[in-house]
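Below, each chain spelled out in residue letters.
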Amino acid sequence: ELIIPNNIYQDMVQHAKSLAPIESCGYLAGKDNKIEKFYPMTNVDNSHEHFSFDPKEQFAVVKQARNDGHKLLSVYHSHPESPARLSEEDIKLFNDPEPVYIIVSLLNDTVETKGFKLNKPNENEIEIKQVELITQGGQL
């Protein structure tokens, strides 16, 4: 469960509407699954299909959240022209299982917001099998 105060939720929706048809993006920070701070950020891709944070802006927000005693609890972005669901690109790009990924859909001038936790298998992970060593004549 993630608790978002109505004023922060409205700020996030307004940010999405103000940038449409470009995707909005940003962070929500707080403590104990309760959002306390809204960090709207720049979509440097300036695209209606995907977003990327400006690395300098992202670093500054992470630093500010830590200084405020907050944890980044959510990454949000908007889908100006599609439903509030994870796209293939969203799944491919989201690598941190910690934050809740919030999508604000503006499809058909209706606001729909959904949150997702993403647990992707690590593609670098390999299976380890433990086996008994068979010795011949008492030697390995």
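Above this note sits the structure.
Worth saying up front: this structure is predicted, and the values here are computed from it rather than measured.

Describe the sheet that holds strand β1 (residues 25-31), listing the residues and the values that go with them.
Pairing between sheet strands relies on hydrogen bonds along the backbone, with the strands arranged either parallel or antiparallel. A sheet is described by the order of its strands in space; here five strands give the open sequence β2-β1-β3-β4-β5, paired in mixed fashion. In this open sheet, the two edge strands, each paired with only one partner strand, are β2 (34-41) and β5 (112-116). Neighbour-to-neighbour, the strand axes of this sheet turn through a mean angle of 25°, independent of strand direction. In the sheet, strand β3 (residues 71-79) pairs with strand β4 (residues 100-105) via six bridges, with the strands oriented parallel.

Any details on the nonpolar core? Residues and values, ideally.
Among the nonpolar cores identified, the biggest contains 16 residues, and Y27, Y39, F51, F53, V75 and F94 are the most heavily contacted of them. Broken down by secondary-structure element, the contributors of at least two residues to this core are β1, β2, α2 (55-67) and β4. When residues in this core are grouped by element, the largest group, three residues, is from β1. Residues V13, F38, V100 and L106 belong to the second largest nonpolar core, which totals 13 residues.

Before we move on, can you summarise the layout of surface pockets with the specific residues and values?
Roughly 410 Å³ of internal volume is contained in the largest pocket. Y27, F53, Q58, V75 and Y101 are, among the 26 residues lining the largest pocket, the residues nearest its centre. Partitioning the lining of the largest pocket into residue classes produces 11 nonpolar, seven polar and eight charged.

The rules we used
- Residues numbered from 1 in each chain as written.
- Predicted model: local features only at pLDDT ≥ 70, side-chain atom pairs only at ≥ 80, totals over all residues.
- Heavy atoms only, no water.
- Pairing = 2+ DSSP bridges.
- Helix = DSSP H or I, 4+ residues; strand = E, 2+ residues; numbered from the N terminus.
- Axes fitted to C-alpha atoms, helices over the stretch in contact; angles between N-to-C directions.
- Core = buried A, V, L, I, M, F, W, Y, C linked by side-chain atoms within 4.5 Å.
- Buried < 20%, exposed > 50% of the residue type's maximum accessible area, 1.4 Å probe, protein only.
- 1 Å grid on protein atoms, 1.4 Å probe; cavity = no way out; pocket = protein on both sides within 12 Å on 5 of 7 lines; lining within 4 Å.
- Points joined across faces, edges and corners; volume = space filled by probe spheres on them.
- Nonpolar A, V, L, I, M, F, W, Y, C, P; charged D, E, K, R; others polar.

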